[in-house]
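Here are the chains, one letter per residue:
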Amino acid sequence: MLVHDTVATVRSQADADKIRASLRARYDELSAEYEQTVLQSQVLRLVEVGDTAGDDQADSGTKTAERDTAQSLLRTILDRRAQFEHALTRLDEGTYGYCEGCSDPIPVERLEIFPSATACVTCKQTRERRAA
């Protein structure tokens with residue numbers, strides 16, 4: 001179980017430790033993925049620098065698209081890592097598992113699928129409708 005039941009409002013230390021270990025493991029995985037992606041991006045840049053002779057507009061466009069994709073991937077990994085960092089902070093504060101919008105408990109099933117969730121399904125849907 002990742003978080004409290006809707007009946008139980010107090011989480012045992014063992015449960016909190018289990019959740020913390022799970023969140024920390026995912027945070028560490030994302031950090032390693034980020035470092036690997038940075039290295040791949042640097043290699044790609046080195047290849048680009050050494051291989052520009054005879055490039056036409058299509059070659060330049062392809063290289064720009066690849067660079068943009070790599071940067072987008074880096075931003076996505078950093079965003080996901082920040083979500084897990086925020087979840088760890090919320091766990092330390094005792095607010096993990098509760099919706100930041102309405103303060104209701106977030107269903108365990110949602111947290112098992114999306115451990116860094118900060119909103120219940122209802123609040124998340126409301127936010128998405130407003131953004132559309």
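In what follows, the structure referred to is the one given above.
Parameters and conventions
Residues numbered from 1 in each chain as written. Predicted model: local features only at pLDDT ≥ 70, side-chain atom pairs only at ≥ 80, totals over all residues. Heavy atoms only, no water. Helix = DSSP H or I, 4+ residues; strand = E, 2+ residues; numbered from the N terminus. Buried < 20%, exposed > 50% of the residue type's maximum accessible area, 1.4 Å probe, protein only. Contact = heavy atoms within 4.5 Å. Areas by Shrake-Rupley, 256 points an atom, 1.4 Å probe, with all protein chains shown as cover. Lys, Arg positive; Asp, Glu negative; His and termini not counted. Salt bridge = Lys/Arg side-chain N within 4 Å of Asp/Glu carboxyl O. Polar contact = N/O pair within 3.5 Å; in protein donor to acceptor, adjacent residues only side chain to side chain. Phe/Tyr/Trp six-rings, centres within 6.5 Å; stacked < 30°, edge-to-face > 60°. Lys NZ or Arg CZ within 6 Å of the ring centre and 35° of its normal. Core = buried A, V, L, I, M, F, W, Y, C linked by side-chain atoms within 4.5 Å.

With that out of the way, let us pick up the overall build of the protein chain. What the protein chain contains, in helices and strands, is four helices and zero strands. Relative to its 132 residues, the protein chain shows a buried fraction of 30%. In the protein chain, the proportion of contacts linking residues at least 24 apart, taken out of those at least 6 apart, comes to 56%. As displayed, the protein chain offers around 8,600 Å² of accessible surface, 53% of which is attributable to carbon and sulfur atoms.

As for its position among the elements, Arg 110 is in helix α3 (residues 108–113). For the buried Arg 110, no salt bridge exists, and the shortest N-O distance to an oppositely charged side chain is 6.9 Å, to Glu 128. A polar side-chain atom of Arg 110 sits 2.8 Å from the main-chain carbonyl oxygen of Ala 119. The contact partners of Arg 110, leaving out residues within four places of it in the chain, are Ala 117, Ala 119, Cys 120, Val 121 and Lys 124.

Turning to the side chain of Thr 37, a few remarks are in order. Tracing the chain through its elements places Thr 37 in helix α1 (residues 13–50). Take Thr 37: its relative accessible area is 8%, and that puts it in the buried class. Dropping the residues within four chain positions of it, Thr 37 is found in contact with Leu 73, Leu 74 and Ile 77.

Before going further, it helps to spend a moment on the packing of aromatic side chains. A complete count under the given rule lists zero aromatic pairs for this structure. Above the plane of the ring of Tyr 34 lies Arg 81, whose end atom (NZ or CZ) is 5.4 Å from the centre.

Residues Leu 23, Leu 91, Tyr 96 and Cys 99 are the most contacted members of the largest nonpolar core, which totals 17 residues. Looking at this core, the elements with two or more residues in it are α1 and α2 (57–93). The dominant element in this core, judged by the number of residues it contributes, is α1, at five residues.

Let us look at the pattern of salt bridges. Tallied over the full model, the rule gives six salt bridges. In this structure, the salt-bridge partner of Arg 20 is Asp 92, at a minimum N-O distance of 2.8 Å. Here Arg 20 is found in helix α1, whereas its partner Asp 92 is found in helix α2, with 72 residues between them in sequence. By relative accessible area, which is 26% here, Arg 20 ends up partly exposed. Three or more residues are tied together by salt bridges with common partners; here these are Asp 17, Arg 20 and Asp 92.

This paragraph deals with the environment of Ala 70. If you trace the backbone, Ala 70 turns up in helix α2. Overall, the relative accessible area of 15% leaves Ala 70 in the buried class.

With that settled, consider unusual backbone geometry. Positive phi, normally seen in glycine, also occurs at Ser 103, with a value near 70 degrees. Relative to the elements of secondary structure, Ser 103 occurs in the loop between α2 and α3. On the basis of relative accessible area, Ser 103 is assigned to the exposed category, the value being 51%.

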